[in-house]
Amino acid sequence: YSYGILRANFLDGLSHFIFDSALVGLYLGHFFLARRRPLRGAGHMLSWFQVLFTWPLVMLVVAPILDSQHFFIQLVGLRAAVFMLPVLLIGAALDVGEVERLGQWVVVLNLLAFVVAVAELVLGIEPFFPMNAATEIMYNSSDAGPEGQFRIPSVFMSSHAYGGTMVMSVPLLLQRLARPKGRLLVLAALTTTVMGCFICASRTPVVQLSVLAAVLLLTTRPTARTLAATGAVAVVVGYFVTTNERFQRFLTLGDTAAMAERVGGSVHRGLFDIMLEYPVGAGLGSAGGTSVPFFLLEYMRPQVGLESEASRLQLEQGIVGLLCWVLFVGWTLSRFPPAERRDGPSARRAMWILLAMAWASALIGTGILTAIPGTVLMLLMMGMLGQRRGAADRVPQRLADSASLQGV
């Protein structure tokens with residue numbers, strides 16, 4: 001969560017790797033240092049991970065044949081292709097208790113993110129994000145409200161990252177809400193999370209949130225308490241959104257001509273043209289939007305500008321790489337959560353719905369596999385949906401030992 005605001009305020013070569021270092025620490029703790037079975041529950045997910053991890057390495061080997069980018073730039077592209085993939089295996093190893101503990105952290109983090117967002121509404125984004133190369137996109141996005149105010153990024157690198165992270169965190173909050181202890185705090189976090197989707201002034205999070213709420217209500221059997229809580233959140237959020245035009249940028253979705261032009265351009269001019277021009281791909285790091293550190297810019301050739309994540313996969317990994325991802329996403333979404341599960345049907349359904357929408361948006365937007373921290377949350381949920389049946393119900397021995405110590 002803190003990567004965006006830290007990097008913006010400490011813009012040097014090392015700050016670029018803040019998130020990378022944290023993720024490496026997570027991998028070391030999970031796969032090597034913890035006294036547990038790190039691949040518990042992986043099942044077929046391990047095979048998919050091996051395929052998705054190996055093919056970019058193949059593209060790196062054949063890069064000289066493709067006359068691709070400089071080797072350093074390809075390494076940056078390799079980071080975008082494989083660095084976050086181990087999160088799939090971590091998600092597959094989580095049980096109910098660990099997901100609820102993660103949800104506790106999300107409650108606190110989302111509340112803190114909301115406090116910063118409100119401060120930015122009052123004071124502006126300038127005290128939190130100085131104008132520099134890392135924040136250029138923020139200062140170019142001044143289209144919120146009738147006066148053209150800045151979109152709100154909270155502590156993230158962009159307003160879209162803020163809204164996208166809030167939406168992706170909803171299933172974890174729903175899982176935590178199933179526990180009776182601390183429900184009021186979780187409900188407060190859920191309310192501010194929904195508010196964040198409107199405050200950020202990005203349209204996609206609002207659409208995803210609306211579809212999520214509608215599908216959940218139609219495909220699950222919510223209790224009276226759940227309906228009452230949903231109604232309370234809707235009333236509170238609705239009041240603030242309707243009384244402030246700055247939070248109503250999502251209404252521009254009514255411009256159907258502009259939306260149709262964007263969808264058509266992304267799908268046709270992007271993916272199909274790239275597929276014909278680069279059937280085997282152009283190599284890693286070839287797509288525009290790859291986060292290349294400033295100290296490597298001298299090695300970078302002109303990149304190809306794209307409008308969709310599907311086009312980026314096609315350009316960098318070819319038809320084979322794109323097909324691998326299509327099959328993997330299809331396999332994950334084929335595991336639709338059953339109507340009744342002891343570990344929270346609403347949370348699992350919410351994960352499935354959000355993943356389906358996220359990958360559908362890959363046709364008209366980029367960043368689904370490079371967002372911080374949105375990609376981590378997405379891959380974590382894909383791992384959870386792909387784990388072996390019943391694997392999530394087991395309680396690790398270390399949690400049982402912890403409970404015994406607390407009892408003592």
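Residues numbered from 1 in each chain as written. Predicted model: local features only at pLDDT ≥ 70, side-chain atom pairs only at ≥ 80, totals over all residues. Heavy atoms only, no water.

(A) Representation of the pattern of salt bridges. Across all of its chains, the model carries three salt bridges by this definition. Among the salt bridges present, the one from R79 reaches D20, with a minimum N-O distance of 2.5 Å. Of this pair, R79 sits in helix α5 (residues 71-82) while D20 is found in helix α2 (residues 18-33), placing the two residues 59 residues apart along the sequence. Classification of D20 as buried rests on a relative accessible area of 10%. (Salt bridge = Lys/Arg side-chain N within 4 Å of Asp/Glu carboxyl O. Helix = DSSP H or I, 4+ residues; strand = E, 2+ residues; numbered from the N terminus. Buried < 20%, exposed > 50% of the residue type's maximum accessible area, 1.4 Å probe, protein only.)

(B) A look at the confidence of the model for the protein chain. Here the protein chain shows a mean pLDDT of 83. Residues at 70 or above account for 87%. When the criterion is pLDDT under 50, residues 264-269 qualifies, and its contacts beyond four places in sequence or with other chains add up to 13 contacts. Predicted confidence is poor over residues 395-408, with pLDDT under 50, and the contacts of this stretch with residues over four places away or in other chains come to 11 contacts. (pLDDT = per-residue confidence, 0-100. Contact = heavy atoms within 4.5 Å.)

(C) Structural detail: the nonpolar core. Within the largest apolar cluster, 97 residues are counted, with the highest numbers of intra-cluster contacts made by W325, F328, W359, M378 and M382. It is helix α16 (residues 374-386) that provides the largest number of residues to this core, a total of nine residues. When near neighbours in sequence (up to four residues on either side) are disregarded, M382 contacts M45, L88, F328, V329, T332, L355 and W359. Grouped together as the second largest cluster of nonpolar side chains are five residues, A282, A287, L306 and L315 included. (Core = buried A, V, L, I, M, F, W, Y, C linked by side-chain atoms within 4.5 Å.)

(D) Representation of the packing of helix α3 (residues 44-61) against α5. Remark: α3 packs on α5, axes separated minimally by 10 Å, with the N-to-C direction vectors making an angle of 170°. With respect to α5, the element α3 is oriented roughly antiparallel. For the pair formed by α3 and α5, the contact residues are L52, F53, P56, L57 and L60 on the first element and F71, Q74, L75, L78, A81 and V82 on the second. (Axes fitted to C-alpha atoms, helices over the stretch in contact; angles between N-to-C directions. Parallel < 35°, antiparallel > 145°, perpendicular 65-115°, else oblique.)

(E) Representation of a nonpolar patch on the surface within the structure. Nonpolar side chains collect at one region of the surface, where V24, L28, F32 and L33 lie side by side and expose about 430 Å² of accessible area between them. Here V24 lies in helix α2. Judged by relative accessible area, V24 falls into the partly exposed class, the value being 37%. (Patch = residues over 30% accessible without salt bridge, like charges linked within 9 Å, V, L, I, M, F, W, Y side chains within 5 Å. Areas by Shrake-Rupley, 256 points an atom, 1.4 Å probe, with all protein chains shown as cover.)

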